[in-house]
Amino acid sequence: MDRAAILLLDWYDSHARDLPWRVKGSAKADPYRVWLSEVMLQQTTTSAVAPYFAKFVDKWPNVNALAQAREEDILAAWAGLGYYSRARNLVKCARQVAEMGGFPDTEEELRQLPGLGDYTAAAIAAIAFGKRAVVVDANVERVVARLFAVEEPLPASRKLIRAQADAITPQERAGDFAQAMMDLGATICTARDARCLLCPVQELCQGRASGDPLRLPRKAAKKAKPRRSGTAFWIEKDQHVWLVTRPGKGMLGGMRALPDDGWSARADGDGEVPLPGAWKAGGVVRHSFTHFDLELGVAVYAGDSAHDLFEGEWWPLDRLEDAGLPTLFAKAAQLVLARS
Ligand code: SF4
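About the cut-offs
- Residues numbered from 1 in each chain as written.
- Predicted model: local features only at pLDDT ≥ 70, side-chain atom pairs only at ≥ 80, totals over all residues.
- Heavy atoms only, no water.
- Near = heavy atom within 4 Å.
- Nonpolar A, V, L, I, M, F, W, Y, C, P; charged D, E, K, R; others polar.
- Domains from an automatic or database assignment.
- Contact = heavy atoms within 4.5 Å.
- Buried area = accessible area lost by both parts, 1.4 Å probe.
- Salt bridge = Lys/Arg side-chain N within 4 Å of Asp/Glu carboxyl O.
- Polar contact = N/O pair within 3.5 Å; in protein donor to acceptor, adjacent residues only side chain to side chain.
- Helix = DSSP H or I, 4+ residues; strand = E, 2+ residues; numbered from the N terminus.
- Buried < 20%, exposed > 50% of the residue type's maximum accessible area, 1.4 Å probe, protein only.
- Phe/Tyr/Trp six-rings, centres within 6.5 Å; stacked < 30°, edge-to-face > 60°.
- Lys NZ or Arg CZ within 6 Å of the ring centre and 35° of its normal.
- Pairing = 2+ DSSP bridges.
- Axes fitted to C-alpha atoms, helices over the stretch in contact; angles between N-to-C directions.
- Parallel < 35°, antiparallel > 145°, perpendicular 65-115°, else oblique.
- Left-handed = near helix turned anticlockwise from the far one by under 90°.

> Just to check I follow, could you spell out the site of the ligand for this structure?
All residues adjacent to the ligand are Arg-146, Ile-188, Cys-189, Cys-196, Cys-199, Gln-202, Cys-205, Arg-208 and Pro-213. Looking at the shell around the ligand residue by residue, the classes come out as 6 nonpolar, 1 polar and 2 charged.

Here it is in structure tokens:
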């Protein structure tokens, strides 16, 4: 076994983080919990994921239970975690796995499931099934870039980083090794800090030897995100607000939302209002999506003839939290309610 792997596994045995989806020692990991946590952790921090994970396993304790749940209930339970395509893929994946009679145990078969890319398939194969797999997420990328002093900037250096990670991944305990690397990146060799004196691989680290490990990994300059703008409409009547369900395909598809002017289908909304009459400005919400930043104005209906609009429902204000609004619209609702 590579010396780095020996040191990391020793360190993991005494320093592994306690995470709700993690089992330690010889206990067997449950593929359902590993899969659920890994999907939730894509682009999301462990502290944000923990309460969602607890809620999901409480409501749907196994993959068959999740497969039988209604998609709208899963989307509502997911609300606030963001990247909603993950939730839609979660439903599809659960149904496929339930039909197959359980999760497949190879990286290759796992990669065929909805929503599972290279990283997630490798993580599940290693952590849930003990298969040797090279698991590289952003934390691992950083640790490897520092450990081997990879000077080439990301993303071009990904291939090299993967090859270096491959070289130190052991045949035995690949799941623990992957989690040890993730823990090291999350607690000691972090984006902002390198606490080298506490690090189990300090004696091997070329980044540390160079005197300035924090400069790594280098990153190619990012292009600024495009900006979009749009308007959401707040229409209130008798302590209820009008909510729509967004079309199944497209941004935030299948989720309840405030009606809007179509900003998600175009670069900017077209400004059409759903009701004639008086409107007043309710403030502006800023939200960053993967591919663009959005500035969403909130228009509040100030007329006296609020009536049913096309496809939607009057939702009681005192139960707004149960509507499962995605973060963007939850922020808009908070803004209006705080001002009223
Ligand atoms: S020695 Fe320092 S830079 Fe190197 S892996 Fe450990 S914490 Fe990171």
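> Quick question: what am I supposed to make of the domain arrangement of the chain here?
A common measure of how large an interface is: the accessible area buried when the components associate. Assigned domains within the chain: domain 1 (3–215) and domain 2 (227–339). Here domain 1 and domain 2 have C-alpha centroids that lie 35 Å from each other. Taken together, the contacts link 7 residues of domain 1 with 11 residues of domain 2. For the pairing of domain 1 and domain 2, the buried interface totals around 670 Å² over both sides, and the portion due to carbon and sulfur atoms is 58%. Applying the counting rule to domain 1 against domain 2 returns 0 salt bridges. Inspection of the region where domain 1 meets domain 2 yields 2 residue pairs in polar contact (both at pLDDT 80 or more).

> Mind showing me how you'd approach the pattern of salt bridges here?
A pair can form between side chains of opposite charge whenever their charged atoms are brought close. One pass over the structure, following the stated rule, counts 18 salt bridges. A salt bridge links Glu-141 to Arg-158; the shortest N-O distance between them is 2.7 Å. Here Glu-141, found in helix α9 (residues 138–147), pairs with Arg-158, found in helix α10 (residues 158–168); they are 17 residues apart in sequence, far enough to count as distant. For Glu-141, a relative accessible area of 10% gives the class buried.

> What should I look at first to understand the packing of aromatic side chains in this one?
The geometry of an aromatic ring pair is captured by two quantities: the separation of the ring centres and the angle between the planes. Overall, the coordinates contain 11 aromatic pairs when judged by the stated rule. Following the ring pairs from residue to residue traces out a cluster consisting of Tyr-32, Trp-35 and Phe-103. Geometry around Phe-292 places Arg-228 over its ring, the cationic atom sitting 4.1 Å from the centre. Sitting over the face of the ring of Trp-315, Arg-319 holds its NZ or CZ atom 5.1 Å from the ring centroid.

> Help me out: how do you make sense of unusual backbone geometry in this one?
When glycine is set aside, most residues are seen to have a negative phi, and most peptide bonds are trans. With omega at 5 degrees, the peptide bond leading from Leu-154 into Pro-155 counts as cis. For the bond running from Leu-216 to Pro-217, omega is -5 degrees, close enough to zero to count as cis. Mapped onto the fold, Pro-217 is located in the loop between α12 (206–209) and β1 (227–234). Of note in the backbone geometry, Ala-149 takes a positive phi value of approximately 45 degrees without being a glycine. Note that Ala-149 resides in the loop between α9 and α10.

> What is the right way to look at the sheet that holds strand β6 (residues 293–301) in this model?
As a general point, the strands of a sheet are linked pairwise by backbone hydrogen bonds and lie either parallel or antiparallel. Here 3 strands make up an open sheet; going across it, the order is β1-β6-β5 and the pairing mixed. Each end of this open sheet is capped by a strand with a single partner; those strands are β1 and β5 (279–288). Across this sheet, the average inter-strand angle for adjacent strands is 20 degrees, counted without regard to direction. Packed on one face of the sheet, helix α13 (residues 327–339) meets β1, β5 and β6 and runs near 140 degrees to β5.

> Can you help me understand helix α2 (residues 31–41) in this one?
The periodicity of an α-helix, 3.6 residues per turn, causes residues three or four positions apart to be oriented the same way. Burial within α2 is extensive, with 10 of its 11 residues counted as buried. Inspection of α2 places Pro-31, Tyr-32, Val-34, Trp-35, Leu-36, Ser-37, Glu-38, Val-39, Met-40 and Leu-41 among the buried residues, and these make up the whole buried set. Turning to α2, the residues buried within the fold contact α3 (46–59), α4 (63–68), α5 (71–78), α6 (85–100), α8 (118–129) and α11 (174–187). The residue sitting at the N-terminus of α2 and contributing the capping side-chain oxygen is Asp-30; that oxygen lies 2.9 Å from the backbone nitrogen of Tyr-32. The positive-phi residue at the C-terminal boundary of α2 is Gln-43, with phi of around 60 degrees.

> Honestly, the packing of α3 against α5 in this entry has me stumped. Any pointers?
A packed helix pair is summarised by two numbers, namely the angle formed by the two axes and the spacing between the axes. Direction vectors running N to C along α3 and α5 enclose 150 degrees, while the axes themselves pass 10 Å from each other. As judged from the angle between their axes, α3 and α5 are roughly antiparallel. When you trace α3 past α5, the crossing you get is right-handed. On α5, the residues touching Tyr-52, Lys-55 and Phe-56 of α3 are Ile-74, Ala-77 and Trp-78.

> Looking at this structure, how should I read the environment of Ser-340?
Within the secondary structure layout, Ser-340 lies in the segment after α13. Taking the C-alpha atoms as reference, Ser-340 lies 57 Å from Asp-10; in sequence the two are 330 residues apart.

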